[in-house]
Amino acid sequence: MVKGLCDPLTHWWDGMLRAIFFDLDDTLVDDTISTERCAELVARELAADRGIAPAELAKAYLDAAIAFWEGLSPGAGQPPKGGIRRAMWRRALQTFGIDDSALAGALARRYDAIRAERVEYFPDAVPVLAALHNRYRLAIITNGFTETHEARVAPLELGRFFDHVVMAGDLDMVKPDPAVFHYAMRLLEVAADESVMVGDRFNRDVEGAHAAGMRAVWVNPHGDPPPAGARPAEAVIASMRDLPQALERIA
Ligand SMILES: [Mg+2]
């Protein structure tokens, strides 16, 4: 038994970092490139005979996907019947005057299969996670659903590094709702002042973490400016490679 963990007189860990929470897409795994490539590949494979240029159908799909993920809000209710991915493809087809649920379903299944094959960590992520997971409790907080993310996270063997993967969509919660972060901290049995959130989306990851009382590291590879007037992240990094140093500064 570790002395002090249950003893209020010896809070030796007060303020110490004990847990690091990570966003998934575009923070740990390369998502943007595979999304675009994959959508066009699938469009070419399954819908080229419908008279739509694959690149255009892919773009319509991406627009539908962005609209879905941007539109997520707490308490928005259950995802569309028949599947989120199918609904996105159906909407993309409708842009071209095609209402074909079966084709949308085929596109969705193929899309998920290809992405599951190709999902990969950013090159810097694995060595950093390997170094951190012996020192901290680690978890992922993603706005995904099991339906949209399970096939992609399984090949990553996240269990090696992470104590928990929180798919907020399944819980009808969504970052930046502080409830998601509180839920994740309860899973790891840590307090907000012992926790840091690492993510690429300022409005969802950084502001959400701050609203829950956590500190935040903003992954900002393109050097984007933060929103005007926003409370700055405690650290800004261009790549996961810089995370260990950033954590030392924060601690
Ligand atoms: Mg992200």
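Computed from a predicted structure; not experimentally measured.

### Topic: the domain arrangement of the protein chain
Argument step 1. Partitioning the protein chain into domains gives domain 1 (8-30 + 120-250) and domain 2 (32-118).
Argument step 2. Between the C-alpha centres of domain 1 and domain 2 the distance comes to 28 Å.
Argument step 3. The interface is formed by 14 residues belonging to domain 1 together with 16 residues belonging to domain 2.

### Let's talk about the pairing of strand β3 (residues 164-167)
Argument step 1. Summarising the sheet, strand β2 (residues 137-142) and β3 pair through four bridges and their orientation is parallel. Bridge assignment links Thr142 to a residue of β3, and that residue is Met167.
Argument step 2. With respect to chirality, the unit in which β2 leads through helix α6 (residues 146-153) into the neighbouring parallel β3 is right-handed.

### Side note on helix α2 (residues 54-71)
Argument step 1. An ideal rise of 1.5 Å per residue puts 26 Å on 18 residues; α2 measures up with 25 Å between its terminal C-alpha atoms.
Argument step 2. Among all positions in α2, only Leu57, Ala58, Ala60, Tyr61, Ala64 and Ala65 are buried. The buried residues of α2 occupy an angular sector of 160° when projected down its axis, which confines them to one face. In α2, the exposed positions that point more than 90 degrees away from the buried face belong to Ile66, Ala67, Glu70 and Gly71.

### So, helix α8 (residues 202-211)
Argument step 1. With eight of ten residues buried, α8 is to be regarded as a mostly interior element.
Argument step 2. Listed in full, the buried residues belonging to α8 are Phe202, Arg204, Asp205, Val206, Glu207, Gly208, Ala209 and His210.
Argument step 3. Buried residues along α8 sit against α7 (178-188), β4 (195-199) and β5 (215-219).
Argument step 4. One or two positions beyond α8, positive phi appears at Gly213, with a value near 90°.

### A short note on the sheet that holds strand β6 (residues 235-237)
Argument step 1. Read across the open sheet, the six strands follow the order β3-β2-β1-β4-β5-β6; overall the sheet is parallel. Pairing within the sheet leaves two strands with one partner each, and these edge strands are β3 and β6. In this sheet, adjacent strand axes meet at a mean angle of 20° when their direction is disregarded.
Argument step 2. For strand β1 (residues 19-22) and β2, the ladder comprises four bridges, and the chain directions are parallel. Each residue of the ladder has a partner; that of Phe22, found in β2, is Ile140.

### Remarks on the confidence of the model for the protein chain
Argument step 1. Across the protein chain, the average pLDDT comes to 89, with 91% of residues at or above 70.
Argument step 2. Here residues 1-13 is a poorly scored stretch, pLDDT under 50, and it has four contacts once near neighbours within four places are set aside; other chains count.

### Regarding the environment of Leu24
Argument step 1. Residue position: Leu24 is located in the loop between β1 and α1 (32-47).
Argument step 2. Accessibility expressed as a C-beta count within 10 Å gives 24 for Leu24, which makes it buried.
Argument step 3. Taking the C-alpha atoms as reference points, Leu24 and Asp205, separated by 181 residues in sequence, lie 11 Å from one another.
Argument step 4. In contact with Leu24, not counting residues within four places along its chain, are Val29, Ile140, Thr142 and Gly144.

Thresholds, definitions, all that
- Residues numbered from 1 in each chain as written.
- Predicted model: local features only at pLDDT ≥ 70, side-chain atom pairs only at ≥ 80, totals over all residues.
- Domains from an automatic or database assignment.
- Contact = placed C-beta atoms within 7 Å.
- Pairing = 2+ DSSP bridges.
- Helix = DSSP H or I, 4+ residues; strand = E, 2+ residues; numbered from the N terminus.
- Right-handed = clockwise from strand over helix to strand, strands pointing away.
- Expected span 1.5 Å × (residues − 1).
- Buried ≥ 20, exposed ≤ 12 C-beta atoms within 10 Å, placed from the backbone.
- Arc of directions from axis to C-beta.
- Axes fitted to C-alpha atoms, helices over the stretch in contact; angles between N-to-C directions.
- pLDDT = per-residue confidence, 0-100.

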